[in-house]
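# Coordinates in review
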Amino acid sequence: MAEIVLKNVCKRWGSFIGVDDFDLTIADQEFLVLLGPSGCGKTTTMRMIAGLETPTSGDILIDGERVNDLEPKDRDISMVFQSYGLYPNMNVYENIRFPLKVRKVPAAEHDERVKKAAAMVELEPFMHRKPAALSGGQRQRVALARAIVREPNVFLMDEPLSNLDAKLRVSTRAQIKNLSHELKVTTIYVTHDQIEAMTLADRVVVMSKGIVQQVGTPTDIYDNPANTFVASFIGSPAMNLVDGTMSGGTFTCEGMSISGFSAPDGKVTLGFRAEDAQVVDTGGELNARVYSMELLGDATMVTVRCGGALVSVKAGKEYRSNIGDDVSITVPSSICHLFDAESGERLTG
Amino acid sequence: MASATRPNQLLRNMSSKIASIPMALTAIVIFVGCTLWTVAYSFTGSRLLPRWRWVGLDQYDRLWDTDRWIISMQNLAIYGFCMMAFSLFLGFLMAALLDQKIRGENVFRTIFLYPYALSFVVTGLTWQWMLNPSFGLQKVVRDWGWESFTFAPLTNPDWAIYGVLMAGLWQGTGLVMVIMLAGLRGIDEDVWKAARVDGIPAWKTYVYIVIPMMRPIFVTAIVLVATAIIKVFDLIVAQTQGGPGLATEVPAKYVYEMMFRNQNLGQGFAASTMMLCFVLIIIVPWSIYEFGGRRNGR
């Protein structure tokens, strides 16, 4: 049971800023995902919580206690790594048991706890194998078992699924979600994969260049992105962003004109999601030629060029057209998000 | 049917097999052939030239009656044991220290490896001078005012072999360090982090996790050091000529002198056959353990 507080945490290397002014309270038992492209500072943030890095300034509190100067082992955390970090000379059983041995847990408890942890991640048949004889997914499950066997206060997961193939990623993801729910442990999870973030998180922290862009529930950041970075990072496909001009409540750019806004005049960036717009026969706000068409199975993705950008729209699964055909797309103002053209910040609520 | 679908194993990759024939022949004729020839002639009374005059085990009887040979073996045992233990220990220690992401790592690595680029003759002579009481280390320290300082291992028969050992270590440890450093670099960063989060102290991580992971690296280092030990010869010739007395005689030098100085080929062959036996006694059980056991799914 642990609440984690980060107070204005910064990490710098010389003049390079790794993490800038990270300020967040992570509730007990919360599943928090740190999301961002590589080099955005998410892993550094996690490593500071783990104690593998020291913050340049700011405080980290676990359960109200300042832990900046504590060694990782004294913070009662456990961690899962991208490349597993298993001890290759020990078999699965010994790998899971090693943290207990080191922590001087009475030997009588070892067997029961190791077996319980292994059972939670369905590893029983592999107990006497060496890590080298396991598949990637099995190795990551050993790492998970090793993390849970100690019953720590906080779980830290550093891109645990990145080395797995796509299919395994989905099943292991479900396993992690189930595990964190069952164990009721505060979990911090680092990933660059927005789908993992959306599916796992109670709350997502989107980071870029060391700066927190937005903190919110997955729905929140999907429906109300705080700026163009978040808008373009979350969702598959990402939100369509088109530069244009607002005048008298009407947004115009090459090939598109949408009225009904109550925003001040000037240059703006307009965003909308592919699934919110619709392809129609005629009379839509956006009229352009088809740039490409992709069949997704459950839908058809139509891409057109508009205002210097490529805009994707999801049409029904039966929809067909040819590249170069004229299409019309409805983009009502109600589905649109407006961002400042300069700063990228959100303009409307 | 099976032979029609699968080509004969012998005929696969014919061109590469043909290409390797010269090397294979060289290896068989020179290494195996000459070894067998040497072993055979060690049972003869050959003097200046090899002559097929069978004398049975006479040469071996004489060999093991010779003080000089027995002292040579003892010296090799001392030198070999210390060299193996210290060069592995110091090499690993230096590699572990260099692995701490220190500044100027390249400089230190180069400095430590440089001695290996020197020949044994240069190393031997340099250390002979450094350990020479009248102008070496002892003289320097005495000139600093420490009049009673005595450090001249090469002049003391009890310590001379350790003087040679110092030169050998100085020359060979750098190589071990570089091999160990490469091994340490090959260890996944995440293993270290996992160990830290698990709360395993650094020395325990080395002993229980890192060193077992580096087993193949250790095998490489041990084989290289072991060959260097067995064939130690030029270092001794340059540094002490086997003296004082017989204090630093080694088997390889015995073989050389019997064959080329004393014109006693039979005795030299017997001694070199003994050296081969000792190598086999060590290598055969070890390779059965190392390579034979693995196939049985160990």
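Now for a quick tour of the structure. Sequence order as written defines the numbering, with residues in each chain counted from 1. Chains carry letters and ligands carry numbers; both start at the beginning, A for chains and 1 for ligands, and go up in the order they are written. Reporting in this predicted model follows two pLDDT cut-offs: at least 70 for local features of residues, and 80 or more for side-chain atom pairs to be given and counted; totals over whole chains, interfaces and linings ignore these cut-offs and use all residues.

## Digging into the pairing of strand β13 (residues 256-259) of chain A
All names here are of chain A.
- With C-beta atoms placed from the backbone, the exposure class of a residue follows from how many other C-beta atoms lie within 10 Å of its own: 20 or more, buried; 12 or fewer, exposed; in between, partly exposed. Helix numbering and strand numbering both begin at the N terminus, where a helix is a DSSP run of H or I of at least 4 residues and a strand a DSSP run of E of at least 2. Burial along β13 is one-sided: the residues Met 256 and Ile 258 are buried and none of Ser 257 and Ser 259 is.
- Where strand β12 (residues 250-253) lies against β13, four bridges are found, and the strand directions are antiparallel. When the bridges of β13 are listed, Phe 251 appears paired with Ile 258.
- Strand pairing is assigned whenever DSSP identifies at least 2 bridges connecting the two strands. Between the end of β12 and the start of β13, which pair antiparallel, lie two residues, with Gly 255 showing a positive phi angle near 90°.

## Remarks on the sheet that holds strand β9 (residues 203-208) of chain A
Residue and element names in this part refer to chain A.
- In spatial order, the strands read β6-β7-β8-β3-β9-β10; together these six strands make up an open sheet with mixed pairing. Two strands bound the open sheet, and with one partner strand each, they are β6 (77-80) and β10 (211-216). The sheet shows a mean angle of 15° between the axes of neighbouring strands, direction not considered.
- Two strands pair when backbone bridges link them, and strand β7 (residues 154-158) and strand β8 (residues 186-191) are joined in this way by five bridges, in the parallel orientation. Within the sheet, the bridge partner assigned to Asp 158 lies in β8 and is Val 190.
- Strands β6 and β7 of the sheet are contacted by helix α4 (residues 136-148), whose axis makes an angle of about 180° with β6. Interaxial angle, 0 to 180 degrees, is taken between N-to-C directions of lines fitted to C-alpha atoms, where a helix line uses only the stretch in contact. With C-beta atoms placed from the backbone, a contact is any residue pair whose C-beta atoms sit within 7 Å.

## Digging into the packing of helix α6 (residues 120-130) of chain B against helix α8 (residues 160-185) of chain B
Residues and elements named next belong to chain B.
- Interhelical geometry of α6 versus α8 gives an angle of 130° and a closest axis separation of 10 Å. Classed by the angle they form, the pair α6 and α8 counts as oblique. Judged by the twist between their axes, the crossing of α6 over α8 is right-handed. Note on element contacts: α8 touches α6 through Met 166, Ala 167 and Gln 171, opposite Thr 123, Gly 124 and Trp 127. Each angle gets one of four labels, with under 35 degrees taken as roughly parallel, over 145 as roughly antiparallel, 65 to 115 as roughly perpendicular, and the rest as oblique. Crossing handedness: left-handed means the near helix sits turned counterclockwise from the far one by under a right angle, and right-handed means the same turn made clockwise.

## So, unusual backbone geometry
Residues and elements named next belong to chain A.
- The residue after Ser 236, namely Pro 237, is reached through a cis peptide bond having omega 0°.
- When you line up the elements, Pro 237 lands in the loop between α8 (228-233) and β11 (240-247).
- In this model, Gln 29 sits at a positive phi of 65°, which is unusual for a non-glycine residue.
- In this structure Gln 29 comes out as partly exposed when scored by C-beta crowding, with 16 C-beta atoms within 10 Å.
- We note that Asp 63 has phi near 55°; this positive angle belongs to a residue other than glycine.

## Points about α6(B)
All names here are of chain B.
- When we look at burial in α6, the residues that qualify are Phe 120, Thr 123, Gly 124 and Trp 127. All buried residues of α6 lie within an arc of 95° about the axis, which places them on one face of the element.
- On its buried face, α6 sits against α5 (105-117), α8 and α12 (234-239). In this description, one arc is meant: the one made by directions from the helix axis to the C-beta atoms.

## So, the environment of Arg66(A)
All names here are of chain A.
- Considering the arrangement of structural elements, one finds Arg 66 in strand β5 (residues 65-66).
- Overall, the presence of 12 C-beta atoms within 10 Å leaves Arg 66 in the exposed class.
- With 48 residues separating them in the primary sequence, Arg 66 and Gly 18 have C-alpha atoms 21 Å apart.
- Once you skip the residues sitting within four places of it in the chain, Arg 66 turns out to touch Asp 59 and Leu 61.

## Quick look at the packing of helix α4 (residues 67-98) of chain B against α8(B)
Residue and element names in this part refer to chain B.
- Contact pair α4 / α8: the axes reach a minimum separation of 7 Å and the direction vectors enclose 40°. Between α4 and α8, the crossing angle belongs to the class labelled oblique. Crossing handedness for the pair α4 and α8: right-handed.
- Any residue that is not Ala, Val, Leu, Ile, Met, Phe, Trp, Tyr, Cys, Pro, Asp, Glu, Lys or Arg is counted as polar, Gly included; the first ten are nonpolar and the last four charged. For the contact of α4 with α8, the residue count by class is 21 nonpolar, six polar and no charged.

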